Amino acid sequence: MSVVHRVLRYLKGTPGQGLHFPATSDLKLTAFSDSDWASCPDSRKSITGFCVFLGPALVSWKSKKQQTVSRSSSEAEYRALASVTCEIQWLQYLLQDLQLPSYKAQVYCDNQSAIKIAENPVFHERTKHIEIDCHLIRQKIQENLINLFPVTSANQLADCFTKPLPAPSFQASTIKLDSSYNFLYINNDSLINKEDCQRSVYNLGYYQPTKATTSDSTNAINNTTLTIFFLHDDLYPGKKMYLNIKKFYYSSNFLPRKITKTIPFSTKNYSEILKYFSTEPASKEAQMIKHTIEQCEAPKMKGEIKYCATSLESLVDFVVSKIGKNVYALANQVDEEENNKKQNYAISNEIKTMGDHPIVCHKQIYKYAVFYCHVIMGTEAYMVPLVGEDGSKAKAVVICHSDTSDWNPNHIAFQLLKVKPGGPSICHFLNRDGIVLISNL
């Protein structure tokens, strides 16, 4: 009965927990395999645990007692590897039946001995009793179905499927499962793409100079032909701009406030945060985590109200406290995702003024959903209809700032438009992971 109560308490305390399946992602399978050796006190059988991702989405997982007693931890790990290999084979068959491309799966294991057994083509006396599993895994490696990679125990995502964990470790594990995309591509250029870096430069940092405003990132934006910033005088029907309009999308879910309160979020606890998420201090991921926290802690400029929402509850509380409960949300709208490409767009008629002093929220690059929300005096929001040169239609949110006198003089907008702080009104299009909230009264 105590186990049932524990499960019910967990369900009650995590109403916002769920799985995120993005509309667009790759179809590569990635798996984590683990075992808890001789954990059953009655039979001394081991527990197999694994989880399989299709792109960034968790699609399969398992926690099951093994059928036979393992004589070593390596044997238990190898049996777990055999189980996840069979699961990957079934998923590959499913993808083939759906006429989708299949790729070699990446399987991560935190037991070096099990990996060595799989890589060694010679059977020894110590491995004869698991010879069937050896043949299975090696055959799938030779068939280019899977690749085996080592992973540290701290980064083993399947750990929570093999044994009960303390609350902090369990919460960290579920966060990693939900935001596994960041983890799987750690120390990889795809973790932080050019669009993300540009976003950190031109959307925030109005007042304080930030590390993101470097010569490299500035040159990257200067070299692009996309319209990032433009003057308010250019907001009129018939004006053409080279754009890449994308509909609203974000890749990580909110965590309940009850959980985020237990996770540190400040530069003073930076080392503790990296340890909590098992993130290497020298990695790009760690740099972006630090940058997000620094943005949230940077002093506000004159006439600005800012807040970093780390949970859906805190975001709602902030919005209600500023504009009340009758709220209207604005985001970019695209007719068809396949028409979403870089092209010339012409502003059509019926530009709508949506109101002044809107709450603009920018999704930050973090382990879980964090939104940087702010209200700046002298800001107006517009819904702008666009028609692409290929005939596709979109509606984009445009934010215009009439007072830039307190902005950072090195802000990228001034460099692109060749204007100075306090000059003409500056506008920019809302990013795909941004949202604007206005009063609906």
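Numbers given for residues are sequential positions, taken from 1 along each chain in its written order. Local features are withheld for residues below a pLDDT of 70 in this predicted model, meaning they are given only at 70 or higher, and side-chain atom pairs are given and counted only at 80 or more; totals for whole chains, interfaces and linings count all residues. Each side-chain value is derived from all of the structure's non-hydrogen atoms; neither hydrogens nor water enter the calculation.

Points about the overall build of the chain
Right, so step 1: Secondary structure summary: the chain contains 13 helices and 18 strands in total.
Right, so step 2: Throughout, exposure labels follow a simple rule: accessible area from a 1.4 Å probe, protein chains only, divided by the maximum for the residue type, with under 20% read as buried, over 50% as exposed, and the rest as partly exposed. Relative to its 441 residues, the chain shows a buried fraction of 49%.
Right, so step 3: Only heavy atoms matter for contacts: two residues are in contact if any of them lie within 4.5 Å across the pair. Sequence separation of at least 24 residues holds for 73% of the intrachain contacts in the chain that already meet a minimum separation of 6.
Right, so step 4: When the accessible surface of the chain is summed, it comes to about 22,000 Å², and 52% of that surface belongs to carbon and sulfur atoms. Helix and strand definitions follow DSSP, with helices as H or I runs of at least four residues and strands as E runs of at least two, each counted in order from the N terminus. Accessible surface is estimated by sampling points in the Shrake-Rupley manner with a 1.4 Å probe; for residues, cover comes only from the protein chains shown.

Some remarks on the sheet that holds strand β4 (residues 105-109)
Right, so step 1: The criterion for strand pairing is that DSSP finds at least two bridges linking the strands in question. Strand order in the open sheet formed by five strands is β3-β2-β1-β4-β5, with mixed pairing between adjacent strands. Both edges of this open sheet fall to β3 (57-65) and β5 (146-150), since each of them pairs with a single strand only. Averaged over all adjacent pairs, the angle separating strand axes in this sheet is 20°, with direction ignored.
Right, so step 2: Looking at chain direction, strand β2 (residues 47-54) and β3 are connected through eight bridges and run antiparallel. When the bridges of β3 are listed, F50 appears paired with K62.
Right, so step 3: Relative to the sheet, helix α2 (residues 73-97) contacts β1 (29-36), β2, β3, β4 and β5, its axis offset from that of β1 by approximately 150°.
Right, so step 4: Helix axes are fitted only over the stretch in contact, all axes being lines through C-alpha atoms; the angle between N-to-C directions runs from 0 to 180 degrees. Sitting on the sheet, helix α3 (residues 112-119) is in contact with β4 and β5, with an inclination near 145° to β5.

A word on the state of the cysteines
Right, so step 1: The disulfide criterion used throughout: a pair of cysteine sulfur atoms within 2.5 Å. This model, assessed by the stated rule, comprises three disulfides.
Right, so step 2: Disulfide partner of C361: C373, at an S-S distance of 2.1 Å. The sign of the 115° torsion about the S-S bond sets the C361-C373 disulfide as right-handed. Placement of the pair is C361 in strand β13 (residues 359-363) and C373 in strand β14 (residues 371-376), with a sequence separation of twelve residues. In this pair, the class of C361 matches that of C373, namely buried.
Right, so step 3: For the chain, the bonded cysteines pair up as 1-2, 3-4, 5-6 when numbered in the order they occur along the sequence.

Concerning the sheet that holds strand β9 (residues 327-330)
Right, so step 1: Strand order in the open sheet formed by five strands is β8-β14-β13-β18-β9, and the pairing between neighbours is antiparallel. Two strands lie at the open edges of the sheet, namely β8 (304-309) and β9, each paired on one side alone. Going across the sheet, the axis of each strand differs from the next one's by a mean of 20°, ignoring polarity.
Right, so step 2: In this structure, β13 lies alongside strand β18 (residues 434-439), joined through four bridges in antiparallel fashion. Of the residues in β18, the one forming a bridge with I359 is L437.
Right, so step 3: Packing against the sheet, helix α11 (residues 284-297) makes contact with β8 and β14, and its axis sits at approximately 145° to β8.
Right, so step 4: Docked against the sheet, helix α12 (residues 312-323) engages β8, β9, β13, β14 and β18, running at close to 160° with respect to β8.

Description of the confidence of the model for the chain
Right, so step 1: Overall, the predicted model of the chain reaches an average pLDDT of 79, with 82% of residues at or above 70.
Right, so step 2: Confidence of the predictor at the level of single residues is given by pLDDT, which spans 0 to 100. Within the chain, the lowest mean pLDDT, 38, falls on helix α7 (residues 194-202), and the highest, 93, falls on β2.
Right, so step 3: The low-confidence segment residues 180-218, where pLDDT is below 50, has 98 contacts with residues more than four positions distant or belonging to other chains.

A word on the nonpolar core
Right, so step 1: In this description, a nonpolar core means a group of buried Ala, Val, Leu, Ile, Met, Phe, Trp, Tyr and Cys residues linked to one another through side-chain atoms lying within 4.5 Å. By size, the foremost hydrophobic cluster in this structure holds 21 residues, and its most contacted members are L81, V84, I88, V107, I137 and I146.
Right, so step 2: When contributions to this core are tallied by element, the ones reaching two or more residues are β1, β2, α2, β4, α3 and β5.
Right, so step 3: The dominant element in this core, judged by the number of residues it contributes, is α2, at six residues.
Right, so step 4: In this structure, I146 is in contact with T85, I88, K104, A105, V107, I137, K140 and I141, ignoring residues within four places of it in sequence.
Right, so step 5: Membership of the second largest hydrophobic core comes to 17 residues, among which are L235, M241, A394 and A396.

Looking at the packing of α2 against α3
Right, so step 1: Running from N to C, α2 and α3 point in directions that differ by 65°, and their axes come no closer than 8 Å. In this structure, the crossing between α2 and α3 has a hand that is right-handed. Contact residues: S74, E77, Y78 and L81 in α2; S113, A114, I117 and A118 in α3.
Right, so step 2: Class assignment of the residues belonging to the contact of α2 with α3 gives a composition of five nonpolar, two polar and one charged. For a crossing to be left-handed, the near helix must be turned anticlockwise from the far one by less than a right angle; the clockwise case is right-handed. Each residue receives one of three labels: charged for Asp, Glu, Lys and Arg, nonpolar for Ala, Val, Leu, Ile, Met, Phe, Trp, Tyr, Cys and Pro, and polar for the others, Gly being one of them.

Some remarks on the side chain of N111
Right, so step 1: Inspection of the secondary structure assignment puts N111 in the loop between β4 and α3.
Right, so step 2: Given the relative accessible area of 12%, N111 is considered buried.
Right, so step 3: Pairs of N or O atoms within 3.5 Å make up the polar contacts considered here, provided that, within protein, one atom can donate a hydrogen while the other can accept it, and that residues adjacent in sequence are counted only when both atoms are side-chain atoms. A distance of 2.9 Å separates a polar atom in the side chain of N111 from the backbone nitrogen of A114.

Here's the deal with the packing of aromatic side chains
Right, so step 1: Pairing of aromatic rings covers Phe, Tyr and the six-membered ring of Trp, with a centre-to-centre limit of 6.5 Å; geometry is then stacked below 30 degrees between planes, edge-to-face above 60, and tilted otherwise. If you walk through the whole model with that rule in mind, you get eight aromatic pairs.
Right, so step 2: Both rings, one in Y307 and one in F318, keep their centres 5.1 Å apart while their planes meet at 15°; by these two values the pair is stacked. Here Y307 is found in strand β8, whereas its partner F318 is found in helix α12, with eleven residues between them in sequence.
Right, so step 3: Clustering of aromatic rings is evident, with ring pairs tying together F32, F53, Y108 and F149.

What to know about α2
Because each turn of an α-helix spans 3.6 residues, side chains separated by three or four positions end up pointing in the same direction.
Right, so step 1: Helix span is expected to be 1.5 Å times the residue number reduced by one. Given a rise of 1.5 Å per residue, 25 residues ought to cover 36 Å, and the 37 Å separating the end C-alpha atoms of α2 matches this to within 8%.
Right, so step 2: Looking one or two residues beyond α2, the residue adopting positive phi is Q99, at roughly 60°.

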